[in-house]
Amino acid sequence: MRKTILVVWLLLGLAAIAGARSGGTVLLNAAGATFPYPIYSKWFDVYHQKHSDIQINYQSIGSGGGIRQLLAGTVDFGASDGPMSDEQLGQAKFKILHFPTVLGAVVPTYNIPGVTGELNFTQKALAGIFLGSITKWNDSEIAGANKGVNLPNADIVVVHRSDGSGTTYIWTDFLAKVSNDWKTKVGNAATSVNWPVGLGGKGNEGVSGLVKQTPNSIGYIELIYAVQNNIAYGKVQNAAGKFVKADLAGVTAAAAESAKTMPDDFRVSITNAPGPNVYPISSFTWLLIPGQIQDSAKRDAIKGFLAWMLTEGQKYNEGLTYAQLPKEVIAKETKAISLIQ
Amino acid sequence: MSAAATTIAHEAPPQSGPRAFIRRLGHGDELAHLITLTFAAGILLLTSLLVYELWINSHLSRSKFGWMFFWTRVWDPNFDNFGAAPFIYGTLVTSAVALVIAVPLGLASAIFLSELAPRKISDSISFLIDLLAAVPSVIYGLLGIFIVVPLMRTTLGPMLIHSVGNVPYIGALFRGPNYGVGFLTAGIVLAIMVVPYIISVSREVLLTVPREQREAALALGATRWESTWKVVLPWARTGIMGSIFLALARALGETMAVTMVIGNAARINPSLLSPGDTIASTIANQFTEATGDLYLSALIELGLVLFLITFILNGMARILIVLTERGGGRPV
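Residues numbered from 1 in each chain as written. Chains lettered and ligands numbered in written order. Predicted model: local features only at pLDDT ≥ 70, side-chain atom pairs only at ≥ 80, totals over all residues. Heavy atoms only, no water.

1. Digging into the pairing of strand β1 (residues 26–32) of chain A
Residue and element names in this part refer to chain A. Stated formally: The buried label applies to any residue whose accessible area, calculated with a 1.4 Å probe on protein chains only, is under 20% of its type's maximum; exposed applies above 50%, and partly exposed to all values in between. Helix and strand assignments follow DSSP, with helices taken as H or I runs no shorter than four residues and strands as E runs no shorter than two, numbered in order from the N terminus. DSSP bridges decide pairing: two strands pair if at least two such bridges lie between them. For crossovers, right-handed means that the path from the first strand over the helix to the second runs clockwise, given strands pointing away from the viewer.
Within β1, five of the seven residues are buried, which leaves the element mostly enclosed by the surrounding structure. Here six bridges tie β1 to strand β2 (residues 54–59), and the two strands are oriented parallel to one another. Paired with A30 across the bridge in β2 is Y58. This β-α-β element, β1 to helix α2 (residues 37–50) to β2, shows right-handed connectivity.

What follows is the structure, encoded as structure tokens:
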């Protein structure tokens, strides 16, 4: 038994040496959020084409898994849709820096037979529907914001994500900010919560599938998923009281608005940000980078990649329907790269 | 060859020491014994390692919630309050629905294939059934989403609510609101998934019943059906039970197909038409994004609970088999 283990180790060692000899490639392992996976894999691929000696291997195992693996030291860096909590940072044996990479948004999608136009959702209406306190489509809170739309006297079927997800994190972050009831009954932003009402669907495709199939239903999905699949979605009332339809510009506006008050560690929620053009259910997604990296080759590779991602990398965003980072945030992040030692 | 080997083994004087051991290994018997023993022990080791890992990693949750974990009806990751009751309920209910549908269906098919159908047809059909057993579960999930769910929402659900829903007692099982997804839909999809197991294994078992048994029954004046019902089935009882429990094990642990059609709501509701959740589907849904230590620990404890349920049900199956055998089912 011990011999076999020894042999396996020897083989692994040989393989490692062989790998290292073949041109001194720097291999970085990363894991985490699934939401930014399309843009990350694009970035890592393009970056590898430009710097053939650097290869970044990213596993989209979910934000929770990314944070756990980073804490356990099994990956070189992580990625998450929600910032790490103070408690999680306290558990880390090393300093962890947050770097916002792209922006995303979550939109309400619905299926009401006979209603084709875009509905306006007040903040109260969304919170009430998902709390189960607003149960009919012709409730005055919904009807008041949609004059002229003939809303049916039908029960609302709420659809939420069944899997833990960054999308749920952003959605509940917004609801907790706009509704005290939500905050006390369901709690703060989280990747999965104890839903007061509704059905669960797995993934964006599960939620949109259930909404499409179920008459009088409402669910929430990522903006990028709605755009790519031509799914109609409603307008949401922002902090300034205006109804805004989510688009990339509105999301970047939300981020620019919050850049003025951005904390130095970039852990900030930008849902319900002030400003007339802001789409209120938006969020950054972050790379989680260790503050100290012993291996100088790896450290240089990560710093080089971050600098590229903040400049040239951002050009790839809109092709994949991710909103670009605002200039102010990019400037601040560029300075923060030097904190990696 | 084996005869020669035994002769040599018998003639050789009892020896000790490593040389003798190696020589004895050369005869095959000892070697085969050693290898099979190692592999068998490996299975045992693997199972205990699994339980050990689940036990150790669920420590936080076990020490915080204790036995209450089984009764608590809330699953709230945000306030760190976890209970397995809705998931245990969902797991047992969906598996029970699946068996209620699949057992009569599967058993009738197996009887037809082994007793009534011509051998050629029986063989080709059972080949197709074996293929069904190999279809990945996500395909059954899709079948559920695109066919069973709409059917349940538009036709079957309202029909059940308006007919059986008014019957006292049982009526509570079929009350609205009807979303199309829920316990019953999940049970139906599970039934479609496990029926091939019941047919395939039961047919094989029925085919092993000796011809003489059937002939004896017929000679005594029994009809074909009487011989099947009173002689062949009791003879094959143990094997048929085995097939049913194989199906049950599959239904208890099924993840993907269930997640897609059960509605994923951690609630206990007596109506089979309401959405619910199972243990396996909850673990699959929430494991990747579980950040808190207690949250993760509670999910692992859910795994332990599923293991426990499987263990208990299998134990009950064993007892049931022993009891029916004692009842003199198999004529000797």
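Resuming the write-up.
2. A short note on the packing of aromatic side chains
Quick note on the threshold: Two aromatic rings, drawn from Phe, Tyr or Trp (for Trp, its six-membered ring), form a pair once their centres lie within 6.5 Å of each other, and the interplanar angle then sorts them: stacked below 30 degrees, edge-to-face above 60, tilted otherwise. To sit over a ring, a charge needs its Lys NZ or Arg CZ within 6 Å of the ring centre and within 35 degrees of the ring normal.
A complete count under the given rule lists 30 aromatic pairs over all chains for this structure. Judged by centre distance (5.9 Å) and plane angle (55°), the rings of F44 of chain A and Y58 of chain A are tilted. One end of the pair, F44 of chain A, is in helix α2; the other, Y58 of chain A, is in strand β2, with 14 residues separating them in the sequence. Lying across the ring of Y233 of chain A, K245 of chain A places its NZ or CZ 4.7 Å from the centre. The positively charged end of R62 of chain B is found above the aromatic ring belonging to W55 of chain B, 3.6 Å away from the centroid.

3. Points about the packing of helix α9 (residues 183–207) of chain B against helix α12 (residues 237–253) of chain B
All names here are of chain B. Rules: As a rule, the C-alpha atoms of each element are fitted with a line to give its axis, helices using only the stretch in contact, and angles between N-to-C directions run from 0 to 180 degrees. When an angle is under 35 degrees it counts as roughly parallel; over 145 it counts as roughly antiparallel; between 65 and 115 it counts as roughly perpendicular; any other value is oblique. Should the near helix be turned anticlockwise from the far one by less than a right angle, the crossing is termed left-handed; should it be turned clockwise, right-handed. Contacts: residue pairs with any heavy atoms within 4.5 Å of one another. Amino acids outside the nonpolar list (Ala, Val, Leu, Ile, Met, Phe, Trp, Tyr, Cys, Pro) and the charged list (Asp, Glu, Lys, Arg) are all regarded as polar, and Gly is one of them.
At a closest axis distance of 8 Å, the pairing of α9 and α12 adopts a crossing angle of 160°. With respect to α12, the element α9 is oriented roughly antiparallel. Along this stretch, α9 crosses α12, giving a crossing that reads as right-handed. Contacts between α9 and α12 involve L190, M193, V194, Y197, I198, V201, S202, V205 and L206 from the first element and G239, I240, S243, L246, A247, R250 and A251 from the second. Among the residues making up the contact of α9 with α12, the classes are represented as twelve nonpolar, three polar and one charged.

4. Here we look at the sheet that holds strand β10 (residues 243–244) of chain A
Paired through backbone hydrogen bonds, the strands of a sheet run either parallel or antiparallel to each other. The strand order β5-β9-β10 (chain A) describes an open sheet built from three strands, whose pairing is mixed. Strand pairing shows two members of the sheet lacking a second neighbour, β5 (120–121) and β10 of chain A, which therefore form its edges.

5. Considering the interface of chain A and chain B
As a reminder, the rule being used: Summed over both partners, the accessible area lost on bringing two parts together, with a 1.4 Å probe, is the buried area. When a carboxyl oxygen of Asp or Glu is within 4 Å of a side-chain nitrogen of Lys or Arg, the pair counts as a salt bridge. Contacts described as polar in this section are N or O atom pairs within 3.5 Å, which, within protein, must combine one atom able to donate a hydrogen with one able to accept it, while residues neighboring in sequence count only if both atoms come from side chains.
Between chain A and chain B, the residue contacts involve 39 residues of the former and 30 residues of the latter. Between chain A and chain B, a total of about 2400 Å² is buried, with carbon and sulfur atoms accounting for 45% of that surface. The interface formed by chain A and chain B holds zero salt bridges in total. Applying the counting rule to chain A against chain B returns 16 residue pairs in polar contact (both at pLDDT 80 or more). Secondary-structure elements contributing two or more residues to the side of chain A that touches chain B are α3 (63–72), α4 (86–91), β6 (157–161), α8 (180–185), β7 (199–201) and α9 (203–213) of chain A. Sort the elements by how many residues they give to the side of chain A that touches chain B and α3 of chain A lands first, with five residues. Residue composition of the side of chain A that touches chain B, grouped by class: 13 nonpolar, 21 polar and five charged.

6. Section: the pattern of salt bridges
Residue and element names in this part refer to chain B. Evaluated as defined, the whole model comprises 14 salt bridges over all chains. Between R203 and E204 there is a salt bridge whose closest N-O contact spans 3.2 Å. The class for R203 is buried, based on a relative accessible area of 3%. What you see here is one network of salt bridges that share partners, running through R119, D123, R203 and E204.

7. Let's talk about the confidence of the model for chain A
For clarity, the cut-off: On a scale of 0 to 100, pLDDT captures the predictor's confidence in every residue.
Across chain A, the average pLDDT comes to 89, with 93% of residues at or above 70. Across residues 17–22 of chain A, where pLDDT falls below 50, the model places zero contacts with residues more than four positions away in sequence or in other chains.

8. What about a nonpolar patch on the surface?
Residue and element names in this part refer to chain B. For clarity, the cut-off: The patch calculation keeps residues exceeding 30% relative accessible area without a salt bridge and links them within 9 Å when they carry like charges or within 5 Å when they are nonpolar (Val, Leu, Ile, Met, Phe, Trp, Tyr). Only the protein chains shown count as cover for residues, with accessible areas throughout obtained via the Shrake-Rupley method and a probe of 1.4 Å.
Taken together, the side chains of V138, I139, L142, L143, F146, I147 and I192 present a nonpolar region at the surface, about 590 Å² in accessible area. The element contributing the most residues to the nonpolar patch is helix α8 (residues 137–162), with six residues. On the secondary structure map, I147 appears in helix α8.

9. A short note on the sheet that holds β2 of chain A
Residues and elements named next belong to chain A. If you walk across this open sheet you meet the eight strands as β2-β1-β3-β11-β4-β8-β6-β7, and the pairing is mixed. Every other strand in the sheet has two partners, leaving β2 and β7 as the edge strands with one partner each. Averaged over all neighbouring strand pairs, the angle between strand axes comes to 25°, with direction disregarded. Of the strand pairs in this sheet, β1 and strand β3 (residues 77–80) are connected by three bridges, and their pairing is parallel. In the sheet register, G32 faces β3, and the bridge partner there is A79. In this fold helix α12 (residues 296–310) packs onto β1, β2, β3, β4 (96–111) and β11 (282–290), with an angle of close to 60° to the strand it touches most, β1.

10. Regarding empty space enclosed by the protein
Quick reminder of the rule: Using a 1 Å grid laid over the protein atoms alone, points where a 1.4 Å probe fits but cannot get out form a cavity; open sets with protein on both sides within 12 Å along at least 5 of 7 lines form a pocket; any residue with an atom within 4 Å of a point counts as lining. Grid points are joined across faces, edges and corners, and a volume is the space filled by probe spheres set on the points.
Taken as a whole and assessed by the stated rule, the structure comprises two cavities of 30 Å³ or more. A volume near 60 Å³ is recorded for the largest cavity. Every residue along the wall of the largest cavity is listed here: F35, L103, G104, A105, E222, L223, I224, L248, V251, T321, Y322 and A323 of chain A. At the level of elements, β4, α10 (223–228) and α11 (248–259) of chain A are the ones that each hand at least two residues to the lining of the largest cavity. No other element matches the three residues that β4 of chain A contributes to the lining of the largest cavity. Split by residue class, the lining of the largest cavity holds nine nonpolar, two polar and one charged. Its volume calculated, the second largest cavity comes out at about 30 Å³. Listing elements by their share of the lining of the second largest cavity, those giving two or more residues are α12 and α15 (293–326) of chain B.

11. Considerations on the confidence of the model for chain B
Interpretation of the predicted coordinates at a detailed level should be avoided for regions scoring low in pLDDT. Residues and elements named next belong to chain B. On average, residues of chain B carry a pLDDT of 88, and 93% of them reach 70 or more. Confidence drops under pLDDT 50 across residues 1–9; counting only partners more than four residues distant or on other chains, this segment forms two contacts. For residues 328–332, every residue scores under 50 in pLDDT, and the model assigns this stretch six contacts once sequence neighbours within four places are set aside. Among the scores for the predicted complex, ipTM is 0.82 and pTM is 0.85.

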